[in-house]
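Observations on the three-dimensional arrangement
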4 protein chains.
Amino acid sequence: MTEFFKSIEPIQFEGTDSTNPLAFHHYDPDRMILGKSMKEHLRFSACYWHNFVWPGADVFGAGTFERPWHQPGNAMELAQLKADLAFEFFTKLNVPYYCFHDTDVAPEGQSLKEYADNFSAMVDMLERKQQETGVRLLWGTANAFSNPRYMAGAGSNPDPKVFAYAATQIFHAMGATQRLGGENYVLWGGREGYETLLNTDLRQERKQLGRLMQMVVEHKHKIGFNGTILIEPKPQEPTKHQYDYDCATVYGFLKQFGLENEIKVNIEANHATLAGHSFHHEVATALSLGIFGSIDTNRGDAQLGWDTDQFPNSVEENTLVMYEILKAGGFTTGGLNFDAKLRRPSIDAADLFYGHIGGMDTMALALERAADMIENDQLARHIAQRYADWGQDLGNDILSGHHTLASLAQYAVNNNIAPQKVSGQQEYLENLVNRFIYR
Amino acid sequence: MTEFFKSIEPIQFEGTDSTNPLAFHHYDPDRMILGKSMKEHLRFSACYWHNFVWPGADVFGAGTFERPWHQPGNAMELAQLKADLAFEFFTKLNVPYYCFHDTDVAPEGQSLKEYADNFSAMVDMLERKQQETGVRLLWGTANAFSNPRYMAGAGSNPDPKVFAYAATQIFHAMGATQRLGGENYVLWGGREGYETLLNTDLRQERKQLGRLMQMVVEHKHKIGFNGTILIEPKPQEPTKHQYDYDCATVYGFLKQFGLENEIKVNIEANHATLAGHSFHHEVATALSLGIFGSIDTNRGDAQLGWDTDQFPNSVEENTLVMYEILKAGGFTTGGLNFDAKLRRPSIDAADLFYGHIGGMDTMALALERAADMIENDQLARHIAQRYADWGQDLGNDILSGHHTLASLAQYAVNNNIAPQKVSGQQEYLENLVNRFIYR
Amino acid sequence: MTEFFKSIEPIQFEGTDSTNPLAFHHYDPDRMILGKSMKEHLRFSACYWHNFVWPGADVFGAGTFERPWHQPGNAMELAQLKADLAFEFFTKLNVPYYCFHDTDVAPEGQSLKEYADNFSAMVDMLERKQQETGVRLLWGTANAFSNPRYMAGAGSNPDPKVFAYAATQIFHAMGATQRLGGENYVLWGGREGYETLLNTDLRQERKQLGRLMQMVVEHKHKIGFNGTILIEPKPQEPTKHQYDYDCATVYGFLKQFGLENEIKVNIEANHATLAGHSFHHEVATALSLGIFGSIDTNRGDAQLGWDTDQFPNSVEENTLVMYEILKAGGFTTGGLNFDAKLRRPSIDAADLFYGHIGGMDTMALALERAADMIENDQLARHIAQRYADWGQDLGNDILSGHHTLASLAQYAVNNNIAPQKVSGQQEYLENLVNRFIYR
Amino acid sequence: MTEFFKSIEPIQFEGTDSTNPLAFHHYDPDRMILGKSMKEHLRFSACYWHNFVWPGADVFGAGTFERPWHQPGNAMELAQLKADLAFEFFTKLNVPYYCFHDTDVAPEGQSLKEYADNFSAMVDMLERKQQETGVRLLWGTANAFSNPRYMAGAGSNPDPKVFAYAATQIFHAMGATQRLGGENYVLWGGREGYETLLNTDLRQERKQLGRLMQMVVEHKHKIGFNGTILIEPKPQEPTKHQYDYDCATVYGFLKQFGLENEIKVNIEANHATLAGHSFHHEVATALSLGIFGSIDTNRGDAQLGWDTDQFPNSVEENTLVMYEILKAGGFTTGGLNFDAKLRRPSIDAADLFYGHIGGMDTMALALERAADMIENDQLARHIAQRYADWGQDLGNDILSGHHTLASLAQYAVNNNIAPQKVSGQQEYLENLVNRFIYR
């Protein structure tokens, strides 16, 4: 056991007066809000991937982190060291959940057999660590994008053997997720897209992906996995174009393959902004389409065109997101995962804590402000009032199918309708929201 | 009759040796390519809107064009003057098609009745002009976005009376389109979106729009309109977010309302790029989803975040677009419309011709190069070869549903599969395309 | 006198407990912060342009506002009505400053003589209104971009007569600004850029602009104008490329023409983001280059590529901006102007107040939080510590010029230097800032 | 010696009729154009960095290339193998120039001494390879961004020891460049920027960078290096903001430190587009400011927000770039370098050739078309005519300083000037350019 996190004490709630950077100032896990504890509302999760796999490298430079488990050594021993430290981190951070890719936790090995053996051994260890610590699994997933074999896609690869390889990883990762009591299983198609249309058959690749999603859903039912299957939309990066571009695109895909009641979305804030949407938009859109599942809360940088995966720090932005989620009844199997990474120069063990503490306090504040908005839901009343006429005669006649285009035109001319403009009051509503945030 | 276009002679094909800027250098209407004339392939259309309605204003400055029909006067007389000049323009430009919004061609009037009367009178005139000139109607549409009554949407408006007003315009515009032999009817929901989520009920607005689209389709069948109904995707502008964001989004919308076999898309190059896609991508996507209809070929500016609606001038970009269209069998009811506008300082009558001539020559060159690519379709063979294994045993077993996730994983482990990487050869293929363009 | 604003009472500070949307909740003009009143710190200004000139039109639709002064009538009488209502608005809003373009306040007329006469008459009226109300002029400017004559630029126009026309307007606008006690004079080159490089001589246009700026500075000294000359950077829109792209670009321009001590910048938040920068970046950059002057605080929309000119509503963003300004000693002649416009559907007179109240409360909160940060300036201490070694031997030897490249390389090898990595602590610092904002 | 490139024959010009993908179709090195050979005009260079250092990794996946020199082994032996293969590549590709970073060609070692020794030994070898092959050095540079020590900048680092380390590398790289007859020395400040303003002193970092640039220039003169010092602008990536954002920004920096006659720019196409500019714009801007030096011709992807570094394939775009360069007299010490990389799935040795061949043919075509434009320079005449009045009385009086603002206003009013609008003819000019490209 290394001393990597030794100097860090478990993070406690100390309130807004505390200046201790290694304490929560707003996240008070047991505080009750709208009848549930903050912990139950927020369902925080930390990830294996950015915290324990990424070495702090970028395209222009080598890894800066030099963690103990990044040193040379026996792969399985390093994986165990990593797991020990990961659970020490999750526990000290006091997150109830974590999540992982198969290849985050176990060495890939040189063959599928080695992969399966390594992964199985590490799942045994994760099971023990979960029992010891009480940390639970929000979701598992398979990494079918990092290995060079996936350079032209996994499910959408021109080679069916690559599809089969990915399917095998998914089979094992779903099994591991079920065994570890995971509440969701995530599919992020990191390379399910194209680099150039010149060598791509869009129709064929879509058919392949559709079949893969169906196989995953069939398998879920066969093994009796109770969790939710989630697709994580992303518009591009690493590929030039990714097929699960955004929530609206995923919805069309699910409809085509009859999966709209089987699969939901895991929305990442930074993926939303890369797709040209606000995070708020993607959450509201998924809710309106009935496919909202879970959240990766990592923010992007409005000036940069790649996935910076920063920790959330905007209460303003996230209050609106939490308001939508609360209004829809809150999370079911989903949660708030930090698929976030430190800035490359943030090399200290303490930085891992600072990032997550800031993110958790931000989301706790957002929850608190959103709950206030819900308790006196002026926004909802304003919206209901705005559309009230759709509950009256003309509105009903239109939506119910009573009116044809011709009969409606006749009605309009006969009644010489002349609709009155009504202010949209955007500025008034923006001020209203700020009054909740800065009360 | 004014002398506005008097000095311009009808535009003729003069070939590449000509330096006459008021001649075609590549568009030779009757030249046969792959068994059809250029004219039949390209189905060029010019628009009323940008050429004869827009005064050359932008958000920061007043109109620069000062056309004869923009001067003060009797509204119907000015509309007639405009129609005379528009058909003089279409004829001299030698485009076989034109297109219009209802309010482009006739004054809106002060009531729905005046609107209907004015429009009807102008449709009479358009019918005569079409007969006199042989110019045909590619599509008609209703402008349900410019009048202040539509400031919060037309079909998606919180007020059902506004929905009814728009429906009335659509009813008349569909009737006019049918009467004028239009080959398509277009729906562009310029304000069907939101300015802020704070005052918006996404689910409600989507339901309204879905019903409107169904009414349009039902009406089409009732009146026996043979043309195609088209939705024109656009991600934003004038609204912050528009519901028909891009082709993939429209596909999901059509699936939800059971309209995927009834409505196709009219793709605008500049709307594609505003949505974060290449024009090529949107065309290829629509074709792969079976919803490709028609094209507005106006380009954007890669450095600007608004709809610049410039004339196309890239043969490189459009060769790939025409290649996709030719490979799919070419246009049926659709065509190549220039929904393009002059730069605000291009104030001369001749500039209207320069813009369209450049666009037509660009698309003619693109057609010619694409036809060469089709005749010796190395790209198609390359792609077929790349996916060839999906036609073999393993590929068939996966796509046919023979394999479950579990059986496939078992297969993979038993056979210890280790897929070989194969180069994607993007650079090779890019060079191949350039060899066709610069032969 | 119309009753347009009659129902609106003067806006008062009512504190955070008030739910009155027509009251300030944070802006308490006389509250002392760091030894100055909020009013003196913030120096709020409202603009004539968006509030009283823009009709609520956009590129796709007609004006929605239909204000009394937008109705048909005698131009000078309407200008007087507008001035009366503008000052009623400024007074009820309780902003100490306003600003205008020459053509906002007076009709342009048909000739330069008419222009000068109209403008002079309206300046008389503005002078009276200022005396009656106590509202003062933050800055004046000339509109040399809206009239069609400026379609190819004003100072950078290929026609020297257009340069002369613009110079005449600037001459009069500077005179009016001086007479009205304006504290700054602003130059925004709305069309000082290019639409296409194909017809543009960059070197020539830059020379013209350089001479124009020199003439303005010379004139300022000749007439004894005590205010500051400000350039307002913007990267594009309406032109494809504008020469005063951002603060760093303006700095290079000023250096070339020897004006870096004569002209400062008026930074607009939305122009910063259009240029690919954060607002914070542009303010910090201008301060570091010694050219910071004033602010237009209107925000953009991160998903839209044009100038949305929305009222500021992010305390998070503006706290950092105010922190930079306070740290540098606060505004001198500059202030916080709202060059912001209502959303097009916000058509009520009250909406004009909601927008400004929200903006003023946002900036007041930002001031308050920034002042807290300054009082216990942990950020500044952190930064000072981070660069401390540059005050030691090696750092001094490098910056003072003691070391050549060769001597420094020799030193490095001789001492076998091996610098230690130190965490950048970005997440820690982001949390620190949030602790000030959400204390 | 490995057989890596064995199957590739030296690339020959075969003309447009050839379908050999491993031949030039347009680049005919000895063909004379405007009195110089294509080879002398274009001065092609290939880079060490992307071709021989980058393993085909991206942020989401491991290296796909698995080159012989990426295998485990003795670092110096692998460096020698790499150099042998690099020169085999340069020779077979028939590029007259190459370029490198110090750490591309030699192992960094564990200390500055090891670094210097390794580098010196490899420079000996490069010198021999240059003599054997006739390949020459376009430029050398130092990599002061990849090693973790540079995570917070090199010259702009808060630690002067890091500055000293970087200065040592630059000292050696300049020496190597001089010894190898390099024609330029390049400075790309990959990390000379900030990740967050919260921990950054902009003024201090700018001062440090200014001093570093001065040291480089002083050293150049001291050692008698005849080449040009070049700064390569880039707006961001890897850092959030890079100080040498674009050409206009670099110009301001050079002016501040008195270096505008000493340092020029190396413009990369992809960096231009990341900065929000067209490549054409950056080249034209640098030429107009007198700081144009050299080019990295690698293109970006208009839909992606990171540096994709693709090979150029647009003749349309590059014709305008070459037109500007030819019009200014062509390259002096600069050239056309391919700082381009293969797509990650392009894993074959042949792909390295395809990429460069496509790029070289593209630029050769661009040169040819641009030369045609120059021979009958209608664009230049059009521009001269457009600004002709600036050579007449009023224009001269303004630019010469004869007119003050007041005298010019007086002149304008006295003469009642009323400038006439003249069409900008953008569409006409775009057609003109296309007539040269598609003649």
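None of these values were measured; they are calculated from a predicted model.

A short note on the relation of the copies chain A and chain D
Overlaying chain A with chain D gives an RMSD of 0.0 Å, the required rotation being 180 degrees about an axis along which the chain moves by 0.0 Å. Such values leave the two copies arranged in the relation of a two-fold axis. Relative to the rotation axis, the C-alpha of Gly305 of chain A is the closest in chain A, positioned 1.9 Å from it. A share of 100% of interface residues in chain A that are also interface residues in chain D marks the association as one of identical surfaces.

Quick notes on the UniProt feature "binding site: Mg(2+) 1" (unreviewed entry) in chain A
Residues and elements named next belong to chain A. According to UniProt, the positions carrying the feature "binding site: Mg(2+) 1" (unreviewed entry) are Glu232, Glu268, Asp296 and Asp339. Sequence-wise these annotated residues cover 108 residues; spatially they are packed, their C-alpha atoms never more than 11.7 Å apart. Turning to its location among the elements, Glu232 is positioned in the loop between strand S8 (228-231) and strand S9 (241-242). Not counting residues within four places of it along the chain, the set of residues in contact with Glu232 comprises Val186, Leu187, Trp188, Asn266 and Glu268. Within the fold, Glu268 resides in strand S10 (residues 263-268). The buried category is assigned to Glu268, around which 28 C-beta atoms lie within 10 Å. With near-sequence residues (within four places) excluded, Glu268 lies in contact with Glu232, Asp296, Asn298 and Asp339.

Things to note about the packing of helix H5 (residues 112-133) of chain A against helix H6 (residues 160-179) of chain A
Residue and element names in this part refer to chain A. The geometry of H5 relative to H6 is characterised by a closest axis approach of 11 Å and an angle of 15 degrees between their N-to-C directions. Put simply, H5 runs roughly parallel to H6. Between H5 and H6 lies a crossing whose hand is right-handed. Of the residues in H6, those touching H5 at Leu112, Ala116, Phe119, Val123 and Glu127 are Thr168, His172, Ala176 and Arg179. Within the contact of H5 with H6, the residues separate by chemical class into five nonpolar, two polar and two charged.

Topic: the sheet that holds strand S4 (residues 97-101) of chain B
Paired through their backbone hydrogen bonds, the strands of a sheet run either parallel or antiparallel. Residues and elements named next belong to chain B. Taken in spatial order, the eight strands line up as S3-S4-S5-S6-S8-S10-S11-S12 and close into a barrel, and their pairing is parallel. Across the sheet, the axes of successive neighbouring strands diverge by a mean angle of 30 degrees, strand direction being ignored. Helix H6 (residues 160-179) contacts strand S5 (136-141) and strand S6 (184-187) of the sheet and is inclined by roughly 170 degrees relative to S5.

Looking at the interface of chain A and chain B
Contact residues are listed per partner, giving 81 residues for chain A and 81 residues for chain B. Per-class residue counts for the side of chain A that touches chain B are 43 nonpolar, 22 polar and 16 charged.

Quick look at the domain arrangement of chain A
As far as domains go, chain A holds domain 1 (32-370) and domain 2 (380-437). A separation of 40 Å is found between the C-alpha centroids of domain 1 of chain A and domain 2 of chain A.

Details of the nonpolar core
Across soluble globular proteins, nonpolar side chains show a tendency to be buried alongside one another. If you look at the biggest cluster of nonpolar residues, it comprises 533 residues, and the most contacted ones within it are Tyr98 of chain A, Tyr98 and Ala167 of chain B, Tyr98 of chain C together with Tyr98 of chain D. For Ala167 of chain B, the contacting residues outside a window of four places in its chain are Leu405, Leu408, Ala409 and Ala412 of chain A together with Leu212 and Met215 of chain B.

What counts, and at which threshold
- Residues numbered from 1 in each chain as written.
- Chains lettered and ligands numbered in written order.
- Predicted model: local features only at pLDDT ≥ 70, side-chain atom pairs only at ≥ 80, totals over all residues.
- Least-squares fit on C-alpha atoms with pLDDT ≥ 70 in both.
- Contact = placed C-beta atoms within 7 Å.
- UniProt positions renumbered as here; feature names shortened; annotations may be inferred.
- Helix = DSSP H or I, 4+ residues; strand = E, 2+ residues; numbered from the N terminus.
- Buried ≥ 20, exposed ≤ 12 C-beta atoms within 10 Å, placed from the backbone.
- Axes fitted to C-alpha atoms, helices over the stretch in contact; angles between N-to-C directions.
- Parallel < 35°, antiparallel > 145°, perpendicular 65-115°, else oblique.
- Left-handed = near helix turned anticlockwise from the far one by under 90°.
- Nonpolar A, V, L, I, M, F, W, Y, C, P; charged D, E, K, R; others polar.
- Pairing = 2+ DSSP bridges.
- Domains from an automatic or database assignment.
- Core = buried A, V, L, I, M, F, W, Y, C linked by C-beta atoms within 7 Å.

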